[in-house]
Amino acid sequence: MKNRLKVLRAERNWSQADLADRLEVSRQSVNAIETGKYDPSLPLAFRIARLFDLTIEAVFSEA
């Protein structure tokens, strides 16, 4: 699954650790999602979308 997480994070000048703190996950989890090595659970995807005030579809798309 592709995602815009890295771009969205960079637009806010957040580090991976900053985003991880806001999502209550590890920095390694953020890195794995950004690089496409891990697809987030549906609840986590909703939290990510809500944090950026976007729909899930605006953050994630099929590869």
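Scroll up to find the structure this text is about.
Residues numbered from 1 in each chain as written. Predicted model: local features only at pLDDT ≥ 70, side-chain atom pairs only at ≥ 80, totals over all residues. Heavy atoms only, no water.

Another aspect to go through is the packing of aromatic side chains. Counting across every chain of the model gives one aromatic pair. A centroid spacing of 5.6 Å and a plane angle of 35° characterise the contact between Trp14 and Phe52, whose relative ring orientation is tilted. Here Trp14 is found in the loop between α1 (5-11) and α2 (16-23), whereas its partner Phe52 is found in the loop between α4 (42-51) and α5 (56-59), with 38 residues between them in sequence. The residues Trp14 and Phe52 share a single accessibility class, namely buried. (Phe/Tyr/Trp six-rings, centres within 6.5 Å; stacked < 30°, edge-to-face > 60°. Helix = DSSP H or I, 4+ residues; strand = E, 2+ residues; numbered from the N terminus. Buried < 20%, exposed > 50% of the residue type's maximum accessible area, 1.4 Å probe, protein only.)

The backbone of Glu24 sits at a positive phi, close to 60°, despite the residue not being glycine. Positive phi outside glycine occurs at Asp53, with the angle close to 55°.

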